[in-house]
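As a plain string of letters, each chain reads:
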Amino acid sequence: MAFAHPTPDQLIDAAPMSDLLRELARRGVTRIYRKGTVLIEEGDRGDSLIVILKGRLRAFSRHPTNEREITYGVYGPGEYVGEMGLDGGLRAASVETVEACTCARIDRPTLEAFIAEHPAFAFELLAKVIRRARAATLGLQQIALNDVYGRLKLLLDSLADLQPDGSRVVREKLTHREISQRLGCGREMISRLLKDLERGGIVELQGGCLRLLKTLPARW
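Every value quoted in this text rests on a predicted model; they were computed, and no experiment measured them. (Residues numbered from 1 in each chain as written. Predicted model: local features only at pLDDT ≥ 70, side-chain atom pairs only at ≥ 80, totals over all residues. Heavy atoms only, no water.)

Novice: What's the story with the overall build of the chain in this structure? I'm lost.
Specialist: Within the chain, the secondary structure is distributed over seven helices and 12 strands. Seen through its principal axes, the chain has C-alpha atoms that stretch 60 × 50 × 30 Å. Every one of the 220 residues in the chain was classed for burial, and the buried ones make up 40%. With the model as given, the accessible surface of the chain reaches about 12700 Å², and the carbon-plus-sulfur share is 55%. (Helix = DSSP H or I, 4+ residues; strand = E, 2+ residues; numbered from the N terminus. Buried < 20%, exposed > 50% of the residue type's maximum accessible area, 1.4 Å probe, protein only. Areas by Shrake-Rupley, 256 points an atom, 1.4 Å probe, with all protein chains shown as cover.)

So this is what it looks like as structure tokens:
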């Protein structure tokens with residue numbers, strides 16, 4: 001039995017976004033991208049906004065020589081990326097699909113016309129830029145003021161959902177490599193820390209998800 005794929009309008013209606021962003025997304029060009037597709041390349045000239053309708057995107061930077069990466073954020077349906085390059089400057093980060101994605105790409109002329117019709121969206125856009133700037137500042141503080149374990153603890157605590165039995169579960173299935181990219185450290189360090197926490201009965205891997213059995217200690 002064949003199943004019909006959702007139309008762009010159905011995806012736009014289903015995504016959790018403001019009415020203004022929903023209207024803007026309808027004016028964009030909707031495309032489906034395979035996992036691992038680079039939508040924005042760091043250093044390119046910025047000229048568009050990308051609204052996520054389905055799937056997840058990752059914003060990251062990669063060192064030009066040793067290939068190490070740091071992940072700035074992972075974004076899902078109802079969010080958008082590319083706003084930091086709308087001043088016409090060079091892109092500060094690359095963006096790729098974490099999984100198969102459907103996105104609406106809005107070019108600069110379309111966005112400018114939309115803001116002229118709906119000035120309130122300029123404030124929504126500005127608020128998003130401010131939130132991203134604050135998140136970047138917090139990320140730098142964590143890297144500067146915490147060791148790797150401290151950054152790992154902050155990440156797991158922020159992602160874990162409380163369960164009826166008192167444990168907490170990180171439902172986002174993250175590989176050790178993905179965690180290291182978010183924390184700006186080597187994968188081997190993350191593997192070693194998680195293995196130590198598992199031996200200590202503090203965490204366990206269950207169904208592909210990380211379960212926190214006890215409160216993560218302040219230091220390790």
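Novice: What is the right way to read the environment of Lys128 from this model?
Specialist: Locating Lys128 in the fold gives a position in helix H4 (residues 120-145). You can call Lys128 buried: its relative accessible area is 12%. Between the alpha carbons of Lys128 and Thr215 there is a distance of 32 Å; along the sequence they are 87 residues apart. Excluding anything up to four places from it in sequence, Lys128 contacts Tyr80 and Glu83. (Contact = heavy atoms within 4.5 Å.)

Novice: So what exactly am I meant to see when it comes to helix H6 (residues 176-183) here?
Specialist: Since there are 3.6 residues in each turn of an α-helix, residues three or four apart along the chain are aligned in direction. Within the sequence span of H6, burial applies to Ile179, Ser180, Gln181 and Leu183. Just downstream of H6, Gly184 is the residue with a positive phi angle, here 70°.

Novice: Mind showing me how you'd approach the packing of aromatic side chains here?
Specialist: Each aromatic ring pair is summarised here by two numbers: the centre-to-centre distance and the angle between the ring planes. Under the criterion given, the structure shown has two aromatic pairs. For the ring pair Phe114 and Phe121, a centre distance of 5.5 Å and an interplane angle of 85° mean the geometry is edge-to-face. The class of Phe121 is buried, set by a relative accessible area of 0%. The side chain of Arg58 reaches across the aromatic face of Phe60, ending 4.1 Å from its centre. Here Lys128 stacks its cationic end above the ring of Tyr80, 5.2 Å away from the centre of that ring. (Phe/Tyr/Trp six-rings, centres within 6.5 Å; stacked < 30°, edge-to-face > 60°. Lys NZ or Arg CZ within 6 Å of the ring centre and 35° of its normal.)

Novice: I keep staring at the side chain of Ser61 and nothing clicks. Help me out?
Specialist: Turning to its location among the elements, Ser61 is positioned in strand E4 (residues 57-62). Accessibility expressed as a relative area gives 10% for Ser61, which makes it buried. Of note is the side chain of Ser61, whose polar atom sits 3.1 Å from the side chain of Glu42. Those residues in contact with Ser61 that sit more than four places away from it in its chain are Glu42, Arg68, Glu69, Ile70, Tyr72, Ala92 and Ala93. (Polar contact = N/O pair within 3.5 Å; in protein donor to acceptor, adjacent residues only side chain to side chain.)

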